[in-house]
Structures are given as structure tokens and as C-alpha cells.
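Structural description and commentary
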Amino acid sequence: MPKGKHSGKNQKGPKSIYIRKMRYEEAYRLLDREIQAAFLKGETLVEVVHGIGEGVLKRMTDDYIREHSFLKILEDGGLHLGNNPGSTLVEIMGPSSEDLQKYLK
């Protein structure tokens, strides 16, 4: 699958966000845009494919998730997805009332 694309809704499993082999800034913008879109669509699981490499994109993904209270790392390596060490499975949880206020401003 081309970089920067995500899987369609016809596939089984969580939506995938491919940031592998991208520059840090580009990967961060795509991750933010796709997570926000998934949140607004009511999706609950997202797989972030960051690759292995030197771990820069994985650390960026982990930091991004920790910065947002409505996100939680379920498993590094993907759940039911062949335990890929180059991906992280993320749960998108329902927002708290203070999160809603922050995002609706």
C-alpha cells in the first residue's frame, strides 16, 4: 500500500495509518489528521504502521498518543495482525467533557 494511505472500510480489522518511510514532520501531520478523522467518524481502533528503523517514528507515535487523553496504546506490534513490531495498535476512547470543550473551540 502506498505511503500515507489508509485501508478502506471493506477490510477487516482496524483502520491503518501508514507513516513508514516518511519524514518526521510529514508523518506527524498525517498521523494527527487521520487520528482526528477516525475520532470524528467514531472509529475505535487504528493501527499506526511506523516501521522499525531507528525508532524515530515509533517514538513520535508514542508521544502523540500520550499527549491525547482520548488515545491509548493497546499493543505494540498489532493485535491479531501478526505481531508486527513495526506497528502500534491504538484505541480511540470516547472523549471526556473537558476534551470535548477543548476540541469544539
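This report concerns the structure included in the present document. (Residues numbered from 1 in each chain as written. Predicted model: local features only at pLDDT ≥ 70, side-chain atom pairs only at ≥ 80, totals over all residues. Heavy atoms only, no water.)

Moving on: the packing of aromatic side chains. Taken as a whole and assessed by the stated rule, the structure comprises two aromatic pairs. Ring centres of Tyr-28 and Tyr-64 lie 5.5 Å apart, and the angle between their planes is 75°; on these two criteria the pair is classed as edge-to-face. With Tyr-28 in helix H1 (residues 24-41) and Tyr-64 in helix H2 (residues 56-67), this pair connects stretches of sequence that are 36 residues apart. For Tyr-28, a relative accessible area of 29% corresponds to the partly exposed category. Of the residues examined, Tyr-64 reaches a relative accessible area of 1% and is grouped as buried. Taking the centre distance of 4.6 Å and the plane angle of 50° together, the rings of Phe-39 and Phe-70 count as tilted. Here Phe-39 is found in helix H1, whereas its partner Phe-70 is found in the loop between H2 and strand S3 (71-76), with 31 residues between them in sequence. Judged on exposure class, the residue Phe-39 and its partner Phe-70 are both buried. (Phe/Tyr/Trp six-rings, centres within 6.5 Å; stacked < 30°, edge-to-face > 60°. Helix = DSSP H or I, 4+ residues; strand = E, 2+ residues; numbered from the N terminus. Buried < 20%, exposed > 50% of the residue type's maximum accessible area, 1.4 Å probe, protein only.)

A word on unusual backbone geometry. Phi angles above zero are rare outside glycine, and Lys-21 is one such case at about 65°. Relative to the helices and strands, Lys-21 is located in the loop between strand S1 (15-18) and H1. Taking the relative accessible area as the measure of exposure, Lys-21 reaches 66% and is therefore exposed.

Closest axis-to-axis distance for the H1/H2 pair is 11 Å, and the angle between their directions is 40°. With respect to H2, the axis of H1 lies oblique. The hand of the H1/H2 crossing is right-handed. Here H1 contributes Tyr-24, Ala-27, Tyr-28, Leu-31, Asp-32, Ile-35 and Gln-36 to the contact with H2, which in turn contributes Val-56, Leu-57, Met-60, Thr-61, Tyr-64 and Glu-67. Of the residues in the contact of H1 with H2, the class split is nine nonpolar, two polar and two charged. (Axes fitted to C-alpha atoms, helices over the stretch in contact; angles between N-to-C directions. Parallel < 35°, antiparallel > 145°, perpendicular 65-115°, else oblique. Left-handed = near helix turned anticlockwise from the far one by under 90°. Contact = heavy atoms within 4.5 Å. Nonpolar A, V, L, I, M, F, W, Y, C, P; charged D, E, K, R; others polar.)

The next subject is the pattern of salt bridges. It is possible for side chains bearing opposite charge to pair when their charged atoms get close. Applying the stated rule across the entire model yields two salt bridges. The closest approach of N and O atoms between Lys-58 and Asp-62, which form a salt bridge, is 3.2 Å. Linking Lys-58 with Asp-62, this pair stays in helix H2, spanning four residues, or about one helical turn. Of the residues examined, Lys-58 reaches a relative accessible area of 22% and is grouped as partly exposed. Asp-62 sits in the buried class, given a relative accessible area of 11%. (Salt bridge = Lys/Arg side-chain N within 4 Å of Asp/Glu carboxyl O.)

Bear in mind that shape data such as this cannot, by itself, settle questions of function.
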